[in-house]
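Summary of the model geometry
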Amino acid sequence: MIETNEVMKTYETLSGRITALDQANISIKDGEFVLIVGRSGSGKSTLLSILGGLTRPSSGKVMLNGKDLWAMNDEDLSEVRGSELGFVFQFPGLLPTLNTLENVMLPTMFCSKVEEDPSERATILLQTVGLGDKLDSFPNQLSGGELKRAAIARSLMNNPSIILADEPTGDLDVNTEKEIMDMFCRINKLGKTVVMVTHNQDLACFASRVLSMERGIVSEEEGQKCERI
Amino acid sequence: MGRMKANTVILRGAKRRRFRNLAVMLCFAFIAGSLLVTGMLMAGAQSAVRTGSERLGPDMIAVPMDPTATSNGVFLICQPSDLYLPSSTYDEVLGTPGVTQAAMQAYVGTDQAWPRPLIVIAYEPSQDFTIRSLLASYLGRSLLDNEVLLGDSVYGSIGDTVSIFGQAFTVAGRLDPTSASADGSAFITMDAAERLVNDGVAGLSMQPGQISAVLIKADRSVGTDTVLHYVSAQNPNVLVFPLNNQGQGISDQLSLASQGLYLTVTVVILVSLPLILLISAMSVNERRREIGLMRSMGASQKDMFKMFFAEGIYLAAAGALAGAAAATISLFLFQGTFSRLLQTELVSPSMLDMTMQFLFAVLVAMLLAGTAALWPALKASRMDPYDAIRSGQN
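Just so you know, the residues in each chain are numbered from 1, in the order the chain's sequence is written. Ligands are numbered from 1 and chains lettered from A, in the order in which they are written. The predicted nature of this model means local features are confined to residues of pLDDT at least 70 and side-chain atom pairs, given and counted, to a pLDDT of 80 or more, with totals for whole chains, interfaces and linings taken over all residues. For side-chain calculations, the full set of non-hydrogen atoms in the structure is used, while hydrogens and water are omitted.

1. Comments concerning the packing of aromatic side chains
To be explicit about the condition: In this analysis, rings of Phe, Tyr and Trp, with Trp reduced to its six-membered ring, are considered paired at centre separations within 6.5 Å, and the interplanar angle assigns stacked below 30 degrees, edge-to-face beyond 60, and tilted for intermediate values. Burial classes: relative accessible area under 20% of the type maximum marks a residue as buried, over 50% as exposed, and values in between as partly exposed (1.4 Å probe, protein chains only). Helical segments are the DSSP runs of H or I of at least four residues, strand segments are the runs of E of at least two, and each set is numbered from the N terminus. We call a charge positioned over a ring when the NZ of a Lys or the CZ of an Arg lies within 6 Å of the ring centre and within 35 degrees of the ring normal.
All chains considered together, the criterion is met by 4 aromatic pairs over all chains. Both rings, one in A:Phe87 and one in A:Phe89, keep their centres 5.8 Å apart while their planes meet at 5°; by these two values the pair is stacked. Given the relative accessible area of 7%, A:Phe87 is considered buried. An angle of 10° between the planes, with centres 5.6 Å apart, marks the rings of B:Phe305 and B:Phe309 as stacked. Here B:Phe309 and B:Phe305 lie together in helix H10 (residues 301-333), a separation of 4 residues that amounts to about one turn. Taken together through their ring pairs, the aromatic side chains of A:Phe87, A:Phe89 and A:Phe91 make up a single cluster. When the ring centre of A:Phe91 is taken as origin, the NZ or CZ atom of B:Arg289, which lies over that ring, is 4.1 Å away.

In structure tokens form, the structure reads like this:
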């Protein structure tokens, strides 16, 4: 469960103080698929990065499974990021010098709560996302959709309970977008919490709950169920 | 396959920015190489000076106090003398401050039975630093009591048995030409000379317990003149003459050259360091997204620091080792050229010296690498993950 309490994020710029997140109070239950929608610059990515322990809020609390995320030291916070959270970004972020299998195994470099053999697990995950025949391929040999699927597989490597996705379909065509969204739905059905940030309102139908953001303020929206869920 | 190893990621990553990494490696190769070349050239030149100095013989000679001693001279440089000192003079001279080596010699007599009168000189092989260095071929052991070393103009080949004062001696070695009285002399051990004296051989000048001179090697750091003064002051029964000062001169010259070369290397390092820092900082900036991504996967600040620091060290180590190896090979291949450039003879330093120089060069390069890698590593570790990801996308 993720809860935020009066979370604020402000940036000091030459033209003055910018409030990226204004007293956000949200609560995400285990197993939910939450979509955070909003226009560019509305603060949705900032919110996601604060929830994921990537950037420190200016004030307020973020509770992850009862633990105050930002009260932790760097080691503990990193441990939480590595074991409890899985990130998928708009850019796939695969290291070009590692093959797909090695890229998926990358999170085990920093922590591994999974007991099974990392190579076996990575292979299974890649098979699950339809890349079973691309284990030895390098990122430059994969298509945009394949790269994204590999990134999703990597986010699951340490078997996190929460997947945080920042515009994961931002640069994909409609078909691939649906493919990726289906994948997130399947992940969600496995019991994992999915929190996704997007500017695409059309994706709202995939989520169980939609949060809308504008000028740093979060508000709840009614979700519309997709036919496919 | 187990968990992913940081080393795998670092080493594979090094393949990416090939030219940049090559530039860093070249910097360290240059640093280690120039350090090694400087060190080896200096060690080689010093070794040459040491050897040359040994071949030049002693720095000074102590002979019996006598007004005619100068004109009579002694042994290697001049003519033999009938004047003697007690052999205890050797210990007194050796105990004088600034005396690093001393060797006693005694004029035994002149054997008139040879076609050209043969000057026979006794020396103590265990103290010797003059006769040994004049040998035409390396003996590899001390001279035995039944053996003799012959000067360049004395007839006799190695292995021949020759008669000296009617006693049989085996020729163990021959000396290089010296253009001095040593060319017409034979050298036997002090014990062999005593045996001749005790046997009552006719025609000998020497008496038991007597020596003719003590040859002295001075501590270069103290200075030949100072040591000469000490020996004269502490041993009033002897006259001390300087023999050569060339070694000191070359030493001083080398010391200056050495300072100059090390100064050049320091300048090279000072110029290279900012360049390395700049390249490393660029590397960190370009990899912001990768840093952010790693942090999102659970890498702590410490992990990021270790990764970037290790990367810097690996690159430097590869560069330094390659540079040091290239420098070593170049030194062997172009020793003659270096020798001509420096206008000094270069003798290959000992294996131990070379190893020490190699390790020193690599170690200094690694220390510099550690210093240079520190800042980028700190920068990478302190980067806010979200900022890193965002700015990396630009």
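2. Details of the sheet that holds strand E4 (residues 33-38) of chain A
Residues and elements named next belong to chain A. What counts, and what does not: For two strands to be treated as a pair, DSSP must find no fewer than two bridges joining them. Here an axis means a line fitted to C-alpha atoms, over the contact stretch when the element is a helix, while the angle between two N-to-C directions is reported on a 0 to 180 degree scale. Note on contacts: a residue pair is in contact if any heavy atoms of the two residues lie within 4.5 Å.
Pairing in this open sheet of 6 strands is mixed, and the strands run E7-E8-E9-E4-E10-E11 from one edge to the other. Every other strand in the sheet has two partners, leaving strand E7 (85-88) and strand E11 (217-221) as the edge strands with one partner each. Ignoring strand direction, the axes of neighbouring strands in this sheet form an average angle of 20°. Against the sheet, helix H5 (residues 144-155) touches E7 and strand E8 (162-166), its axis set at about 170° to E7. The strands that helix H6 (residues 174-189) touches are E4, E7, E8 and strand E9 (193-198); relative to E9, the one it contacts most, it runs at about 155°.

3. Some thoughts on the pattern of salt bridges
Side chains that carry opposite charge are capable of pairing whenever their charged atoms lie near each other. All names here are of chain A. Selection rule: Salt bridge, as used here: a side-chain nitrogen of Lys or Arg that lies within 4 Å of a carboxyl oxygen of Asp or Glu.
On inspection of all chains with the given rule, the structure shows 12 salt bridges over all chains. Taking the shortest distance from any N to any O, the salt bridge between Glu167 and Lys44 comes out at 3.8 Å. Residue Glu167 is found in the loop between E8 and H6, and its partner Lys44 is found in helix H1 (residues 44-51); the two are separated by 123 residues along the sequence. Take Glu167 and Lys44: they sit in the same class, and that class is buried. A salt bridge links Glu146 to Lys134, with the shortest nitrogen-to-oxygen separation between them at 3.8 Å. Pair noted here: Glu146 is in helix H5 and Lys134 is in the loop between helix H4 (118-128) and H5, with a separation of 12 residues, a long-range link. A cluster of three or more residues bridged by salt bridges with shared partners is formed by Glu32, Arg209 and Glu220.

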